[in-house]
Number of protein chains: 2
Amino acid sequence: MHIQPDRFLADLHKLRSFGASGVGKGVVRRAYSDADLASRDWLAEQISAAGLTPHFDPMGNLFGLADGPSLLIGSHSDTQPEGGWLDGALGVIAALEVARAAKEAGGPPVSMVSFEDEEGRFGVTTGSAVWSGHISQDAADKLTDTTGVPLADARALLGPRVTGPVDMTRFTGFMEMHIEQGPSLDAEGDTIGVVSDIVGIRTMMITFDGQQNHAGTTPMHLRKDAFQGVVAFTSQINDRFRNVVTPRTVWTNGHVSLHPNATSVVPGRATFSMQWRDADTDRLARMEQIIRDTAEEVAADRGLGLTFGDMLWLDPVAMDPTLKGALAAAAETQAPGKWREMPSGASHDATNVAQHLPVAMLFVPSINGISHDFAEDTAEADLVTGLKVLADAVSRLTPAG
Amino acid sequence: MHIQPDRFLADLHKLRSFGASGVGKGVVRRAYSDADLASRDWLAEQISAAGLTPHFDPMGNLFGLADGPSLLIGSHSDTQPEGGWLDGALGVIAALEVARAAKEAGGPPVSMVSFEDEEGRFGVTTGSAVWSGHISQDAADKLTDTTGVPLADARALLGPRVTGPVDMTRFTGFMEMHIEQGPSLDAEGDTIGVVSDIVGIRTMMITFDGQQNHAGTTPMHLRKDAFQGVVAFTSQINDRFRNVVTPRTVWTNGHVSLHPNATSVVPGRATFSMQWRDADTDRLARMEQIIRDTAEEVAADRGLGLTFGDMLWLDPVAMDPTLKGALAAAAETQAPGKWREMPSGASHDATNVAQHLPVAMLFVPSINGISHDFAEDTAEADLVTGLKVLADAVSRLTPAG
């Protein structure tokens, strides 16, 4: 197959014109918006022109189908409310170019997809979650966006585009190219990341209950200050994790709410989020134990009440060894010495698809690690190298017949 | 003078009936509410019955005036939205009883006052602040409550009650009895606190600016987490204050707000309040220097931006030695070995009056330190001891003519 980088870049910039924010290369293309639907119609035309069959499923996931069993490649083309031009769009247009080049070469058969609502206007990776059966269409239809619009109403805008479901068993595997959305490749000067695992995520809300009191008349030694409990917990967790974590483990206290949250009142209650991510289930469990033990010690030391919320979890997803091996071999050919294996710290459409198909992913660098922002960008040379690695890996997996 | 504890307690319970919450002894008697105005009319009747002259000033501060120069005693009888029955009401009824008993005894001349809106429906200690000239009537009239009602409209409800301003120079000093509103006397088994100083207060908002980032894809060593700056600052402040503070110094981080405050996003900005209180101006300044130095070190260590908000301050107010001495001598007579000197950690009407008159205060215990709550209470024996100390001190300061 003979991929054409100029055609790929031209299509990528054309896709950017649907919902262009006018700020840098930024894009505003929420799932089911006018810009999103217009871009999908344009993409369907490109699929037809490539000799593939365009097919909208009931969620608006747009497939470009090759005849017979095939590998599936792709990503998503919806964006955050203030999105970058690459994000999932890169993986969609790279998939279009590879599937088109394969068709032009007379094989192998390669299908492509642009999933809908990966960015979660309604849920989380909604289009691929419904397609993979992670959530039923009926349940998903009841999800609403922040303005109260239900998914059922939004996807009704698809109208006659929808031609029915797409059977997953027609695909032999799924590969997704994506920007890293983090700073690692850019910081270390690598061009390609071959994903080893999509990390598991644990999220739990923790509440300390103390005694709300007057901040002037309550001596320090008689206080039960719920926020001081949070400070002690967070400090101790940072220490206690050191012997357990790897350089790739992350943990975050992203949300804190105090009651009554007033300058002159000793906080009586503090609720905060504890989220931790790692590719290893056992390590996630060891971290959970440290979190629970530390919170209990802090509460006991300070006479605070303690409540753990439900723990939300996504287990780690290991990439398929064969697909990953093809990406690694392609990376070593196309970017010798400039690639490495790395986990994906973010969840992707591939997480859902992996429940049913062999899956692999590759990353290209995000300049300064910026994503979900109009300033998101990647050097065009790196975009092209990513395209070449994807095409090379596809060739290795599905030799032309 | 011959004070009558039963009459004092009966009046105190009668005042509680104006705005009784029906929950325990709780009271809802906001400044200028129907309950507040009715209670002031009742109080004016008691003042008249005692042979004193009732006088509403333009703010609704209700004086019971003795003839000629006199000592002024009193407090406030408005409450918080969910108030206790004692708070300032105790000091008002104790003042009524002492002024009444003095009048019955033929001297000394003692005047009393119930200030209006000490609890700050509109400002802070609003009635005494206007009376003492700390804020002009015109400026105060523009203050609004949380529902948007301006003070000018609220005090218009006083109608013909108002008979003009009361000249401060007719008073030789001011003494205020109040509940402690903190746990110290109750915890240590003392009955009377003679206030040494009303502590000074410094309040400053501090903001750390970091880099908002994806909580999955951003490695720990590349983060600029604004909340981790707050945790480091608060931990270090607690250590660094140890060699500077006294057991009476307090400091509080009562307010924290994170941006975007989401479980899956590294906090990009964290704003929090730092409030500290002490009776010594030099110590307050040393603490300020430690706060600024520590915040700057944390910001530099972590690559965070740092912004200090304006520092709001109230300087400490020392009690008048003569008035305080009279209270101390009275306390040792009425409650030998069961009293002590202590600072007031809260601000009071006395803070305003002290700008112009010699001032002193005494406290009685708050059970479990609870105040601004329907559950606020004090043993009646302690209320009576407080009344006796106040009367005894008045007698020492103004021997019957």
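The present account deals with the structure reproduced in this document. (Residues numbered from 1 in each chain as written. Chains lettered and ligands numbered in written order. Predicted model: local features only at pLDDT ≥ 70, side-chain atom pairs only at ≥ 80, totals over all residues. Heavy atoms only, no water.)

As for the interface of chain B and chain A
Contacts between the two partners involve 48 residues from chain B, matched on the other side by 48 residues from chain A. Where chain B abuts chain A, roughly 3800 Å² becomes buried across the two surfaces, and 56% of that area is made up of carbon and sulfur atoms. Contact with chain A buries area across many residues of chain B, yet Thr217(B), Met220(B) and Thr263(B) alone supply 14% of it, more than any other trio. A total of seven residues in the side of chain B that touches chain A trace back to one element, the largest contributor, which is helix H8 (residues 226-240) of chain B. Tallied by class, the residues present in the side of chain B that touches chain A amount to 19 nonpolar, 25 polar and four charged. (Contact = heavy atoms within 4.5 Å. Buried area = accessible area lost by both parts, 1.4 Å probe. Helix = DSSP H or I, 4+ residues; strand = E, 2+ residues; numbered from the N terminus. Nonpolar A, V, L, I, M, F, W, Y, C, P; charged D, E, K, R; others polar.)

Here's the deal with the packing of H8(B) against helix H9 (residues 281-302) of chain B
All names here are of chain B. Contact geometry for H8 and H9: axes closest at 9 Å, N-to-C directions at 140°. The orientation of H8 relative to H9 falls into the category oblique. Our pair here, H8 against H9, has a crossing hand that is right-handed. Contact with H8, carried on its side by Gln228, Gly229, Ala232, Phe233, Gln236, Ile237 and Arg240, involves Ile290, Ile291, Thr294, Ala295, Glu297, Val298 and Arg302 of H9 and no other residues of that element. Considering only residue class, the contact of H8 with H9 consists of seven nonpolar, four polar and three charged. (Axes fitted to C-alpha atoms, helices over the stretch in contact; angles between N-to-C directions. Parallel < 35°, antiparallel > 145°, perpendicular 65-115°, else oblique. Left-handed = near helix turned anticlockwise from the far one by under 90°.)

Concerning the packing of helix H8 (residues 226-240) of chain A against H8(B)
Interhelical geometry of H8(A) versus H8(B) gives an angle of 105° and a closest axis separation of 9 Å. Between H8(A) and H8(B), the angle is such that the two are roughly perpendicular. Residues Phe227(A), Gln228(A), Val230(A), Val231(A), Thr234(A), Ser235(A) and Asn238(A) of H8(A) lie in contact with H8(B), whose contacting residues are Phe227(B), Gln228(B), Val230(B), Val231(B), Thr234(B), Ser235(B) and Asn238(B). Looking at the contact of H8(A) with H8(B), its residues break down into six nonpolar, eight polar and no charged.

Considerations on helix H3 (residues 89-104) of chain B
Residue and element names in this part refer to chain B. Here H3 contains 16 residues, and its C-alpha end-to-end distance of 22 Å stays within 8% of the 22 Å for a straight helix at 1.5 Å per residue. Burial analysis of H3 places 14 of its 16 residues in the buried class, which makes it a mostly covered element. Directly after H3, the chain includes glycine 106, whose backbone phi takes a positive value near 80°. (Expected span 1.5 Å × (residues − 1). Buried < 20%, exposed > 50% of the residue type's maximum accessible area, 1.4 Å probe, protein only.)

Regarding the pattern of salt bridges
Residue and element names in this part refer to chain B. Within the structure shown, the criterion is met by 38 salt bridges over all chains. Between arginine 7 and glutamate 104 there is a salt bridge whose closest N-O contact spans 2.8 Å. Linking arginine 7 in helix H1 (residues 5-16) with glutamate 104 in helix H3, this pair joins segments that are 97 residues apart in sequence. (Salt bridge = Lys/Arg side-chain N within 4 Å of Asp/Glu carboxyl O.)

Some thoughts on the relation of the copies chain B and chain A
When chain B is fitted to chain A, the residual RMSD is 0.1 Å, and the transformation amounts to a turn of 180° plus an axial shift of 0.1 Å. Taken together, the rotation angle and the small translation identify this as a two-fold axis. Among all C-alpha atoms of chain B, that of Val231(B) lies closest to the rotation axis, at 2.6 Å. A shared interface surface links the copies, since 100% of the contact residues of chain B are contact residues in chain A too. (Least-squares fit on C-alpha atoms with pLDDT ≥ 70 in both.)

A few points about the packing of aromatic side chains
Residue and element names in this part refer to chain B. For the coordinates displayed, the defined rule picks out 22 aromatic pairs over all chains. With centroids separated by 6.1 Å and ring planes inclined at 25°, the aromatic side chains of phenylalanine 208 and phenylalanine 272 adopt a geometry described as stacked. Placement of the pair is phenylalanine 208 in strand E7 (residues 200-209) and phenylalanine 272 in strand E12 (residues 269-278), with a sequence separation of 64 residues. Its relative accessible area of 0% is what places phenylalanine 208 among the buried residues. We classify phenylalanine 272 as buried; its relative accessible area is 0%. Centroid distance phenylalanine 241 to tryptophan 251: 5.0 Å. Interplanar angle 90°. Geometry classified as edge-to-face. Here the residue phenylalanine 241 occupies a position in the loop between H8 and strand E9 (250-252), and tryptophan 251 occupies one in strand E9, the gap between them amounting to 10 residues. (Phe/Tyr/Trp six-rings, centres within 6.5 Å; stacked < 30°, edge-to-face > 60°.)

With respect to H8(B)
Residue and element names in this part refer to chain B. Taking 1.5 Å per residue as the helical rise, H8 with its 15 residues ought to reach 21 Å, and the 21 Å between its terminal C-alpha atoms agrees with that figure. In terms of burial, H8 is a largely internal element, 11 of the 15 residues being buried. Taken together, the buried positions of H8 are occupied by Ala226, Phe227, Gln228, Gly229, Val230, Val231, Ala232, Phe233, Thr234, Ile237 and Asn238. Sitting at the amino-terminal end of H8 is aspartate 225, which places a side-chain oxygen 2.9 Å from the backbone nitrogen of phenylalanine 227. (Polar contact = N/O pair within 3.5 Å; in protein donor to acceptor, adjacent residues only side chain to side chain.)

Digging into the environment of Phe18(A)
Residues and elements named next belong to chain A. With respect to the secondary-structure elements, phenylalanine 18 resides in the loop between helix H1 (5-16) and helix H2 (34-49). Sequence separation between phenylalanine 18 and methionine 112 is 94 residues; the distance between their C-alpha atoms is 20 Å. With near-sequence residues (within four places) excluded, phenylalanine 18 lies in contact with Val27, Arg29, Ala35, Ala38, Ser39 and Trp42.

Comments concerning the pairing of strand E16 (residues 359-364) of chain A
Across a regular strand the side chains alternate sides, sitting on one face of the sheet and then on the other. All names here are of chain A. In terms of residue burial, E16 counts as a mostly covered element, since six of its six residues are buried. Alternating residues of E16 divide into Val359, Met361 and Phe363 and Ala360, Leu362 and Val364, and every residue in both groups is buried. Of the strand pairs in this sheet, strand E5 (residues 171-179) and E16 are connected by six bridges, and their pairing is parallel. Pairing of glutamate 176 across the sheet is with methionine 361, part of E16. Taken together, the two bridges between strand E6 (residues 192-198) and E16 define a ladder with antiparallel strand orientation. Considered in E16, the bridge of glycine 193 is made with phenylalanine 363. (Pairing = 2+ DSSP bridges.)

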